[in-house]
Each structure stands twice: as C-alpha cells, then as structure tokens.
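Architecture at a glance
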Amino acid sequence: TAKGAAGVLMDARTGEVLESTVLEDERLWGITLWSRDEREAGQPLGDSLWVTLGFDPNALTTRITEAYADHPHRMMPLAELPTTPIAPRVLRIDQSGAMGVTDDVALPLGWLPMSPTFVPRRGASAGDGYLVTLALGPSEDEVWIFDAADLARGPICRMRHPQLNVGFSLHTTWLPDLGASDGGYRVDRREDYGDALPALREDARALVESVLGIG
C-alpha cells in the first residue's frame, strides 16, 4: 500500500495463505526496497532493513492519477493524499511476528535512497553490520553508510565524487569476495525465451527478435 507493508506466510506447495499481517504506518509512505543479512537467508525473517521514497504531491502524474482514480481496489481516495511532501526514510521492521517499525531515520527532502545492501561487520555475528545505500540527490549522488543497529543516528559516512553517476538503480547484493570472471557464462537468447517467442504474434515476434539480435 502507499503507507504500509504486509507480511504473508504461505504454503509454497499449495499457495494457501496461512497467516497475514498488514502494517500501516505513516513512516512507510513509498516503501520500496529492502535488505537483510544474507548469511541468514535460510532462516525465518526477523529484522529487515527498508528504504522508502516518501511522498511528493508534485510527483503525481496526471495520466496515472486519472487512470486509477476510481480503481475498485484503491485503498486511499485521491482527496486523502497528503498535500505536503513526506520525507523518505531508512528503517528497520521486525517481521518475526510483531510487525512493527523498531528503528528509523528521516532523510532530507530531495534525496532518494536506493539499492539498500546489508554489509556484515568483519568477524561479527548475524545481523551486526552496516546498511549501504545509494542516495540520489538534487544535484549529485552519494553513497551513504548507516550502522544497521542504530539507523536513527543517521548516516555515519557519506561519500561523493564528481564522477559518481550510477543512474537509477534498484537491486544490489553483498558478496564476501570479488574475483575475475572466467567469461564462460553464456545463455543462448532464443533458448532462454523458450516457448514465449513462438507464442507471440508474427509482427511482435519480429520486433522482439530484432531488438534481441536473434532474427
């Protein structure tokens, strides 16, 4: 939702929803991307780290606003949308069952946090580390580093460079080691799309094949 998050427990074999919880909180406007300690990926969700984009009335586009103004599943009427900007945030949500915001900090208006990545502190236990996020600013971009255990403190480090221009990125991940690629990873594009290409109309298939260079 515009200002909420949901936790869902499902049976992966049947698709049955076993348990669901909806968290509504004014701090969750524009909630988008999250991260966690990937070393614990096989464990049930506990704390997760999120970034939100906030809300800016000036960013509403007329075409999209009008297209969904009367959508049957709309949860908030347009008349109830905020009339003043809401700051983006970095926050922690307890998803172990309580479903609540346990730590957060508001960012200055005009900055957008993207691509959050949890980076473990060297030699530390699970969950102990940093949250690294790209911060897209009004005139320049930066890399912001937060103490994952104390987000309310704000960024403990902000890095910038005149040539830092990474574009609008979304997802990132932490890798324990970096190494040269052997260059052996290749996927045949036609095989990768499988039965999807033949199922297209002839004109659509010709366009896709042209774009992919497999015609």
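First, a word on what this report is: a plain description of the structure on this page. (Residues numbered from 1 in each chain as written. Predicted model: local features only at pLDDT ≥ 70, side-chain atom pairs only at ≥ 80, totals over all residues. Heavy atoms only, no water.)

Section: the overall build of the protein chain
Secondary structure summary: the protein chain contains three helices and ten strands in total. Counting from the amino terminus, helix and strand elements in the protein chain follow one another as β-β-β-β-α-β-β-β-β-β-β-α-α. Its C-alpha atoms give the protein chain principal-axis dimensions of roughly 55 × 50 × 50 Å. The burial tally for the protein chain puts 32% of its 215 residues in the buried class. With an accessible surface of roughly 14,200 Å², the protein chain has 52% of that area assigned to carbon and sulfur atoms. The centroid of the 19 positive side-chain charges in the protein chain is displaced by 4 Å from the centroid of its 32 negative side-chain charges. (Helix = DSSP H or I, 4+ residues; strand = E, 2+ residues; numbered from the N terminus. Buried < 20%, exposed > 50% of the residue type's maximum accessible area, 1.4 Å probe, protein only. Areas by Shrake-Rupley, 256 points an atom, 1.4 Å probe, with all protein chains shown as cover. Lys, Arg positive; Asp, Glu negative; His and termini not counted. Charge placed at Lys NZ, Arg CZ, Asp CG, Glu CD.)

Details of the pattern of salt bridges
In this structure the tally under the stated criterion is twelve salt bridges. Arg89 is paired through a salt bridge with Asp104; the nearest N and O atoms lie 2.4 Å apart. With a gap of 15 residues between them, Arg89 in strand S5 (residues 89–94) and Asp104 in strand S6 (residues 100–106) connect regions that are remote in the sequence. Note that Arg160 is salt-bridged to Glu140, the shortest N-O span being 3.3 Å. Of this pair, Arg160 sits in the loop between strand S10 (157–159) and helix H2 (189–193) while Glu140 is found in the loop between strand S8 (129–136) and strand S9 (141–147), placing the two residues 20 residues apart along the sequence. (Salt bridge = Lys/Arg side-chain N within 4 Å of Asp/Glu carboxyl O.)

Digging into the sheet that holds S5
Backbone-to-backbone hydrogen bonds pair the strands of a sheet. The strands run either parallel or antiparallel. If you trace the four strands from one edge of the open sheet to the other, you get S3-S4-S5-S6, paired in antiparallel fashion. The sheet is open, and its two borders are formed by strand S3 (31–35) and S6, each paired with just one other strand. Each strand of the sheet is rotated relative to its neighbour by a mean of 25°, with strand direction disregarded. When S3 meets strand S4 (residues 47–52), the two strands line up antiparallel, connected through four bridges. Looking across to S4, one finds that Trp34 is bridged to Trp50. (Pairing = 2+ DSSP bridges. Axes fitted to C-alpha atoms, helices over the stretch in contact; angles between N-to-C directions.)

Some words on the packing of aromatic side chains
Evaluated as defined, the whole model comprises three aromatic pairs. Between the aromatic rings of Trp29 and Phe55, the centroid separation amounts to 5.2 Å while the plane-to-plane angle is 50°, which identifies the pairing as tilted. With a gap of 26 residues between them, Trp29 in the loop between strand S2 (17–24) and S3 and Phe55 in the loop between S4 and helix H1 (62–67) connect regions that are remote in the sequence. An identical accessibility class is assigned to Trp29 and Phe55; each is buried. Pairing Trp34 with Trp50 gives two aromatic rings, centres 5.9 Å apart and planes at 25°, and the pair type is stacked. Of this pair, Trp34 sits in strand S3 while Trp50 sits in strand S4; the two residues are 16 residues apart in sequence, bridging distant segments of the chain. Among the residues examined, Trp50 registers a relative accessible area of 13% and is labelled buried. Here the guanidinium or amino end of Arg158 rests over the ring plane of Trp111, the centre of that ring lying 5.3 Å away. (Phe/Tyr/Trp six-rings, centres within 6.5 Å; stacked < 30°, edge-to-face > 60°. Lys NZ or Arg CZ within 6 Å of the ring centre and 35° of its normal.)

Overview of the nonpolar core
Core analysis: the biggest nonpolar cluster contains 16 residues, and Leu49, Val90, Trp144 and Phe146 have the highest contact counts within it. At the level of elements, S4, strand S7 (112–120), S8 and S9 are the ones that each hand at least two residues to this core. The biggest single contributor to this core is S8, with three residues. One finds Leu28, Trp50, Leu91 and Val101 within the second-largest nonpolar core, a separate group that totals eight residues. (Core = buried A, V, L, I, M, F, W, Y, C linked by side-chain atoms within 4.5 Å.)

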